[in-house]
Structure formats: C-alpha cells, structure tokens
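In case you want the letters, here they are:
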Amino acid sequence: ATKGSAVLDALVAKVLGAGWRNKAVGNLNLDALVADDFEPLELLLDRDAEAYGAVLAYLRNGKLPREVRCAHALQDEAEYLDLGELKDLAADLPELRRADIFSIVNQATGKLQLPFAKLQRIVLKGFQLGGCNLRGSNLRGADLSNCDLQEGNLEGANLSGCTVQNANLTKANLKGCNLEAG
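*Asks:* I would appreciate a short explanation of the overall build of the protein chain in the present structure.
*Replies:* Within the protein chain one finds 5 helices and 2 strands. Ordering the α and β elements of the protein chain from the N terminus gives α-β-β-α-α-α-α. The buried share among the 182 residues of the protein chain stands at 36%. Long-range contacts, defined as pairs at least 24 residues apart, comprise 25% of the intrachain contacts of the protein chain with a sequence gap of at least 6. If you sum the accessible surface of the protein chain, you get close to 10700 Å²; carbon and sulfur atoms cover 48% of it.

This is the structure in structure tokens:
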C-alpha cells in the first residue's frame, strides 16, 4: 500500500467511523476505495485548500515544496490525517515566506524587524536587509547568498548550514551566532 492509500484509508475511517470497511453507502462499496484495482472515484474533501497542495506533494514524493504558504494549517492537516512524519516536517517550516518579508519591514525605520523569528530554510537570496534585526532568529539552512546584511543584528541567531556566498556582512553583529556548516 502506498502512503496515499493509507491516508485515504485513515481519512475515510475518520469521516465514516472505524468500522467503515465492508459497509456500503448507496451503490458504493467503501472497501473498494482503498483496493489496489479500484475504479477512479471523485471525492470532495472539505479541508484547507492551501495546505492540501502541500499534503498532496508530500503523499506523491515524500517531500514538501520549497516554500509552503501555510505552515500552521499544514500542521493541522497532518494531525487530522494522522501523518506524524508530515506533522514533524511542517513543524520545521519557517513561519514566513519570502514574499511575506517585504510586508513586514518596519514602517518607521524601513528596516526588517524579526527578532527570534522561525525562518529556517527560507530563501532570501539577494534581499536588501541592511540594518535588519534578526537577533536570536532561527535561520538554519536559509539561503542568504547575495544578501545585504550590512550592519544587521544577527546576535545569537542560528545560521548553521546557511548559504552566505557573496552576502554583505560588513559590520553585522554576529556575536554568539551558530555558524556551523550544514
């Protein structure tokens, strides 16, 4: 059985109850939903549409897309579908997407203010973040190549496994950072 059929089995059990196998609804034999040779069937799943794309990607290839729009919703879906491994992967996603960074720049200073943010594996390649405050943030595995972090405050940040090729770190505060290679 594939991950997909196991999930379908769990989903049908969640919707119809644990004793759903060998039951019939109308002309539909529910046990046929998870049989290896079943006829294709359209099902309506009333779940979070944004998160479900990532769920399907995970079920297809065991990986998540590079940027997931809805980490919290994905965790909820993984819990609902009883997919522990996916829930763990979702818990390790950044709170923000690359596109969200632009909207968070502090209006008063024009500088990014995200102390203690959960930004692991985020792609910020080429961003102009001079003077930013990422103090204590988790940037493990992030792509900061060609980033301008001049005079940025990265004190105590987790930068392990980050790509920083051609990043401008002039006068950046790197005190207490984790700079271990991936």
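That was the structure; now back to the text.
*Asks:* Before we go on, may I ask you to explain the nonpolar core in this structure?
*Replies:* Considering soluble globular proteins, one finds that nonpolar side chains tend to be buried as a cluster. In terms of nonpolar packing, the biggest core is built from 20 residues, with Leu-129, Leu-134, Leu-139 and Leu-144 touching the most fellow members. Counting residues in hydrophobic clusters, the runner-up holds 18 residues, among them Leu-64, Leu-74, Leu-83 and Leu-86.

*Asks:* In this structure, what is going on with helix α3 (residues 71-80)? I would like to understand it.
*Replies:* Those residues of α3 lying buried are Ala-71, Ala-73, Leu-74, Gln-75, Glu-77 and Ala-78. Packed against the buried residues of α3 are α2 (49-61) and α4 (84-91). Downstream of α3 by one or two residues, Asp-82 has phi in the positive range, about 60 degrees.

*Asks:* Got a minute to help me understand the side chain of Glu-77 in this structure?
*Replies:* Among the secondary structure elements, Glu-77 is positioned in helix α3. Ignoring any residue separated from it by four or fewer positions in sequence, one finds Glu-77 in contact with Arg-47, Asp-48, Ala-51, Tyr-52 and Val-55.

*Asks:* Sorry, what's going on with unusual backbone geometry here?
*Replies:* Across residues other than glycine, the phi torsion is negative in most instances, and most of the peptide bonds are trans. Phi is positive for Glu-151, close to 60 degrees, though the residue is something other than glycine. One non-glycine residue, Asn-166, adopts positive backbone phi at about 60 degrees. Taking the relative accessible area as the measure of exposure, Asn-166 reaches 59% and is therefore exposed.

*Asks:* Quick question: what am I supposed to make of the environment of Leu-179 here?
*Replies:* The residue Leu-179 is located in the segment after α5 (98-104) in this model. Leu-179 gets classed as exposed once you look at its relative accessible area, which sits at 56%. Considering only alpha carbons, one finds Leu-179 and Cys-162, 17 residues apart in sequence, at a separation of 8.1 Å.

*Asks:* How should I be thinking about α2 in this particular structure?
*Replies:* Given 3.6 residues to a turn, an α-helix orients residues that are three or four positions apart in the same direction. In this model, α2 (13 residues) spans 19 Å end to end at C-alpha, consistent with the 18 Å of a helix rising 1.5 Å per residue. Listed as buried for α2 are Ala-51, Tyr-52, Ala-54, Val-55, Ala-57, Tyr-58 and Leu-59.

*Asks:* Before we go on, may I ask you to explain the packing of α2 against α3 in this structure?
*Replies:* To describe two helices that pack against each other, one gives the angle between their axes and the distance between the axes. Two elements in contact, α2 and α3, have axes separated by 9 Å at closest approach and are oriented at 65 degrees. In terms of crossing hand, the pair formed by α2 and α3 is right-handed. Counted together, Ala-51, Tyr-52, Ala-54 and Val-55 of α2 and Ala-73, Leu-74 and Glu-77 of α3 form the full contact between these two elements. In terms of residue class, the contact of α2 with α3 is made up of 6 nonpolar, no polar and 1 charged.

*Asks:* Looking at this structure, how should I read the side chain of Ser-137?
*Replies:* Within the secondary structure, Ser-137 is located in the segment after α5. In this structure, Ser-137 is in contact with Leu-114, Pro-115, Phe-116, Ala-117, Ala-157 and Asn-158, ignoring residues within four places of it in sequence.

Cut-offs and rules
Residues numbered from 1 in each chain as written. Predicted model: local features only at pLDDT ≥ 70, side-chain atom pairs only at ≥ 80, totals over all residues. Heavy atoms only, no water. Helix = DSSP H or I, 4+ residues; strand = E, 2+ residues; numbered from the N terminus. Buried < 20%, exposed > 50% of the residue type's maximum accessible area, 1.4 Å probe, protein only. Contact = heavy atoms within 4.5 Å. Areas by Shrake-Rupley, 256 points an atom, 1.4 Å probe, with all protein chains shown as cover. Core = buried A, V, L, I, M, F, W, Y, C linked by side-chain atoms within 4.5 Å. Expected span 1.5 Å × (residues − 1). Axes fitted to C-alpha atoms, helices over the stretch in contact; angles between N-to-C directions. Left-handed = near helix turned anticlockwise from the far one by under 90°. Nonpolar A, V, L, I, M, F, W, Y, C, P; charged D, E, K, R; others polar.

Distances and angles like these do not, on their own, reveal function.
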